[in-house]
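Commentary on secondary and tertiary structure
Each chain, letter by letter, is given below.
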Amino acid sequence: MYTNFGRTALCLSGGASFAYYHFGVVKALLEADLLPDVITGTSGGALIAALTATRTNEELKQLLVPALAVKINACSEPLTTWLPRWWKTGARFDSVDWARRCSWFTRGSLTFREAYERTGRILNVTCIPADPHSPALLLNYLTAPDCVIWSAVIASAAVPGILNPVVLMMKTRNGTLAPYSFGHKWKDGSLRTDIPLRALNLHFNVNFSIVSQANPHINTFFFSSRGTIGEPVTHRKGRGWRGGFLGSATEQYLKLDLTKWLKVVRHLELLPRPMGQDWSEVWLQQFSGTITLWPRGRISDFIRILSDPDMNRLAYMLKVGQQSAFPKLVYLGNRMKVERAVEKGRMTTRPHARSGSIESIISQDDLQKLWGGDRDHFNADSTGIGSTDEEGVDWREENGVDGVDRLEYFEDPEDMVDLDMENMMGQNRSVGEREVEGLMMSQRKEGSGARGFR
């Protein structure tokens, strides 16, 4: 039943400063006690997702107020500062400066695993490699447990021309930061995968998605002529020219025809690549989910698309975001009741399995067969990774995870970021040294894997 019913995920799209409308969506779900445990964000939505996944419910209720605008200052640089930088580097913003400003939202250098241990929420951030032929990456506590969240948020917001591709950072055993993935550079995930539904289903059995869509190039042109949950609009009784049959049919035909020809031109390799980027996926990818929320912005938002909101503007965004979620709360509440009842039953019958771990998805017998060990000697910890008594190696001790809140590294959240500029830019070690280190690590893993499967 758990596999068929699946889990619910909140997906926050990109959209530059339009993404601040997500704050209202999160607040509406939080006040209704319907905030899912699985949260994903891309580009601007990654910042809001990081704030949500690193705070408890009580902390979020205190933070999601108009006064939060004081902490939003990523675009506060004057024209005389960013224009020369853009002329020299091709990027308006500086990645190191953004790391410092982003640290408060991510509670410093918190990793994906530490955030999950602190709040129980599963944070997912999408980013794509600078290499156009490599696959996109969904970062979470399973795929990148030691990756630092603020580096993932910055990478997911690295739009060409706005921010240059950056190096993801990881936390070592002693708490220092080092380049992740051999120092490869990453950029905005919304260029290819704004809503990673397939990856969420693969990792966390997500079959139901709540998408808060704030991308201006999508939000502006969306209209559901057949209606949505809470808004039963039909062709015959729709309001305005878009609600009538002829208007809605013409609009739908034009959209489908434009999409068709864009695909044809892309497959024929006739599309130009400004800044070395294929921009076709910005229009052709999937932008909706099971429930799609469309916070309606104002024309003035386009003028302030790369500016920080003041308290009045953020108050308006909170209100509009909440209003977009209100019509869906009853339907979502019925869904969440069943999902939480199923999860409660699973946790009752599997008290040793933590919610979100691999053991909550696969039974211990199947996990034992997967590892090929003896049942009497098989012990699985809360992370879902087991070790045999014969091997005598504790996975937590080997990987430097002590099972307690890793916030012990930090006292003041604003002092949590260990910004090493050379590490940040990946210049402290040569590529050859990183490749040799990676090869040695893979050999050690192969050796330990052979002992575990003996």
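From a predicted model like this one, the values you see are computed outputs, not experimental measurements. (Residues numbered from 1 in each chain as written. Predicted model: local features only at pLDDT ≥ 70, side-chain atom pairs only at ≥ 80, totals over all residues. Heavy atoms only, no water.)

**A closer look at the packing of aromatic side chains**
We count it as follows: Here the aromatic set is Phe, Tyr and Trp, taking the six-membered ring for Trp, and pairing holds for ring centres within 6.5 Å; pairs whose planes are under 30 degrees apart are stacked, those over 60 apart are edge-to-face, and all others are tilted. Note on conventions: DSSP H or I runs of at least 4 residues are helices, E runs of at least 2 residues are strands, and numbering of each starts at the N terminus. Accessibility here uses a 1.4 Å probe with only protein chains present; expressed as a share of the type maximum, an area under 20% marks a residue as buried, one over 50% as exposed, and anything in between as partly exposed. Any Lys NZ or Arg CZ found within 6 Å of a ring centre and within 35 degrees of that ring's normal is scored as a charge over the ring.
Following the criterion strictly, the structure yields seven aromatic pairs and no others. Between Y116 and Y141 the ring centres are 4.1 Å apart and the planes differ by 15°, which places this aromatic pair in the stacked class. In this pair, Y116 sits in helix α7 (residues 112–119) while Y141 sits in the loop between β4 (137–139) and α8 (149–156), placing the two residues 25 residues apart along the sequence. Taking the relative accessible area as the measure of exposure, Y116 reaches 5% and is therefore buried. The buried category is assigned to Y141, whose relative accessible area is 10%. By way of ring pairs, the aromatic residues Y116, Y141 and F204 are connected into one cluster. A cation sits over an aromatic face here: R55 above W104, 4.9 Å from the ring centre.

**Points about the pairing of strand β3 (residues 122–129)**
Using the following cut-off: Strand pairing is assigned whenever DSSP detects at least two bridges linking the two strands.
The buried count for β3 comes to eight of eight residues, which makes it a mostly enclosed element. As judged from the three bridges shared by β3 and β4, these two strands associate in the antiparallel manner. Among the inter-strand pairings, V125 is bridged to a residue of β4, identified as L139. With three bridges connecting them, β3 and strand β8 (residues 185–188) associate as antiparallel partners. What sits directly across from I128, in β8, is K187.

**Concerning the pattern of salt bridges**
Rules: Each salt bridge in this description consists of a side-chain nitrogen of Lys or Arg and a carboxyl oxygen of Asp or Glu lying within 4 Å of one another.
In total, this model carries nine salt bridges according to the counting rule given. The residue R85 makes a salt bridge to E77 at a minimum N-O spacing of 2.8 Å. As far as the burial class goes, R85 and E77 line up, both buried. With a closest N to O distance of 3.7 Å, R313 and D301 form a salt bridge. Here the residue R313 occupies a position in helix α15 (residues 311–325), and D301 occupies one in helix α14 (residues 299–303), the gap between them amounting to 12 residues.

**A few points about the packing of helix α2 (residues 22–31) against α15**
Going by this rule: Axis lines are fitted to C-alpha atoms, over the contacting stretch for helices. Their N-to-C directions set the angle, which ranges from 0 to 180 degrees. Throughout this description, any angle smaller than 35 degrees is read as roughly parallel, any larger than 145 degrees as roughly antiparallel, any in the 65 to 115 degree range as roughly perpendicular, and the remainder as oblique. Crossing handedness is read from the near helix: turned anticlockwise from the far helix by less than a right angle, it gives a left-handed crossing, and turned clockwise, a right-handed one. We call two residues contacting when some pair of their heavy atoms lies within 4.5 Å. Amino acid classes used here: Ala, Val, Leu, Ile, Met, Phe, Trp, Tyr, Cys and Pro are nonpolar; Asp, Glu, Lys and Arg are charged; the rest, including Gly, are polar.
Orientation of α2 relative to α15, taken along the N-to-C sense of each, is 55°, at an axis distance of 6 Å. In this view, α2 runs oblique relative to α15, as classed from their interaxial angle. The element α2 and its partner α15 pack so that their crossing is right-handed. On α15, the residues touching F23, G24, V25, K27, A28 and E31 of α2 are L314, M317, L318, G321, Q322, S324 and A325. A per-class count over the contact of α2 with α15 returns seven nonpolar, four polar and two charged.

**Considerations on α8**
Burial runs high along α8: eight of the eight residues are buried. Listed in full, the buried residues belonging to α8 are I149, W150, S151, A152, V153, I154, A155 and S156.

**Side note on the side chain of T106**
Its place among the elements puts T106 in the loop between α6 (95–102) and α7. Residue T106 is classed as buried on the basis of its relative accessible area, which comes to 0%. In this view, T106 contacts A50, T54, R55, I149, W150 and V153; residues no more than four positions away in its chain are not counted.

**Some words on the environment of C102**
By the secondary structure assignment, C102 is in helix α6. When the C-alpha atoms of C102 and I154 are compared, they prove to be 8.0 Å apart, with 52 residues separating the residues in sequence. Ignoring anything within four residues of it in the chain, the contact list for C102 reads L47, W150 and V153.

**Some thoughts on the confidence of the model for the chain**
In plain terms, the rule: pLDDT measures the predictor's confidence residue by residue and takes values from 0 up to 100.
In the predicted model, the chain carries a mean pLDDT of 78, and 72% of its residues have values of at least 70. For the chain, the element scoring lowest by mean pLDDT is strand β12 (residues 386–388), at 38; α2 scores highest, at 96. Throughout residues 374–432 the model reports pLDDT below 50, and contacts reaching past four residues in sequence, or to other chains, amount to 111 contacts. Confidence drops under pLDDT 50 across residues 448–454; counting only partners more than four residues distant or on other chains, this segment forms seven contacts.

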